Amino acid sequence: MSYVHGIHLEVDRLDDQVFMELKAVGTLTHSDYEKITPLIEKALEGIDDPIVNVYMDGTDFEGWDLHAAWDDLKLGLRFGRKFNKIAIYGNQHWQEVMSKVGSWFVSGEVRYFEDSLEAISWLREE
């Protein structure tokens, strides 16, 4: 288990189109979600029907502690209807399995990729 952990978020917003790029590192904790949730709220603020595409780099992601797993589920339930596409770029089979489970909690499409360029190309498709 790595002692280095966290989520980095970058947001690009144009009208009702929102692109989020996330990088998860190590084992995420509740404090990581306390930091990221307000940033997501702010990114979606003032948009009635946002179209949100997400690129998540999970190549350094090791998982969640129990509280953070609960936070992740709550985040999906709260914002899941706003997501259009989520591309998860990873390098572990369990990440592919978790992307399928995560798709149950969002209205948009979730796909797992082992090639970052394929993930970005898929997000750019109309």
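About the cut-offs
Residues numbered from 1 in each chain as written. Predicted model: local features only at pLDDT ≥ 70, side-chain atom pairs only at ≥ 80, totals over all residues. Heavy atoms only, no water. Patch = residues over 30% accessible without salt bridge, like charges linked within 9 Å, V, L, I, M, F, W, Y side chains within 5 Å. Areas by Shrake-Rupley, 256 points an atom, 1.4 Å probe, with all protein chains shown as cover. Salt bridge = Lys/Arg side-chain N within 4 Å of Asp/Glu carboxyl O. Lys, Arg positive; Asp, Glu negative; His and termini not counted. Charge placed at Lys NZ, Arg CZ, Asp CG, Glu CD. Helix = DSSP H or I, 4+ residues; strand = E, 2+ residues; numbered from the N terminus. Pairing = 2+ DSSP bridges. Right-handed = clockwise from strand over helix to strand, strands pointing away. Axes fitted to C-alpha atoms, helices over the stretch in contact; angles between N-to-C directions. Phe/Tyr/Trp six-rings, centres within 6.5 Å; stacked < 30°, edge-to-face > 60°. Buried < 20%, exposed > 50% of the residue type's maximum accessible area, 1.4 Å probe, protein only. Lys NZ or Arg CZ within 6 Å of the ring centre and 35° of its normal.

The subject of this paragraph is a negative patch on the surface. A contiguous patch of negative charge, built from Asp15, Asp16, Asp48 and Asp49, is present on the exposed surface. Structurally, aspartate 15 is set in the loop between β1 (6-14) and β2 (17-28).

Moving on: the pairing of strand β3 (residues 51-64). Of the pairings in the sheet, the one linking β2 to β3 comprises 11 bridges and is parallel in character. Bridge pairing in β3 places lysine 23 opposite aspartate 57. Examined bridge by bridge, β3 and strand β4 (residues 83-89) share six bridges and lie parallel to one another. If you follow aspartate 57 over to β4, its bridge partner there is tyrosine 89. Once you follow β3 into helix α2 (residues 66-79) and on to β4, the crossover reads as right-handed.

Taken in spatial order, the five strands line up as β1-β2-β3-β4-β5 in an open sheet, and their pairing is mixed. Sheet topology places β1 and β5 (109-113) at the edges, where each strand pairs with a single neighbour. The average undirected angle you get between the axes of adjacent strands in this sheet is 15°. Two elements, β1 and β2, share nine bridges in a ladder whose sense is antiparallel.

Within this structure, the stated rule accounts for five aromatic pairs. When the ring of phenylalanine 61 is compared with that of tryptophan 94, the centres are 5.6 Å apart and the planes differ by 45°; the resulting orientation is tilted. On the criterion of sequence distance, the pair formed by phenylalanine 61 in strand β3 and tryptophan 94 in helix α3 (residues 93-102) is long-range, its members being 33 residues apart. Their ring planes at 70° and their centres at 6.3 Å tell us that tryptophan 64 and tryptophan 94 sit as a pair that is edge-to-face. Note that tryptophan 64 is positioned in strand β3 and tryptophan 94 in helix α3, a separation of 30 residues in sequence. The exposure class of tryptophan 64 is partly exposed, given its relative accessible area of 26%. Its relative accessible area of 29% is what places tryptophan 94 among the partly exposed residues. Taken together, the ring pairs in this structure connect Phe61, Trp64 and Trp94 into an aromatic cluster. When the ring centre of tryptophan 122 is taken as reference, the NZ or CZ atom of lysine 85 above it lies at 4.8 Å.

Bear in mind that shape data such as this cannot, by itself, settle questions of function.
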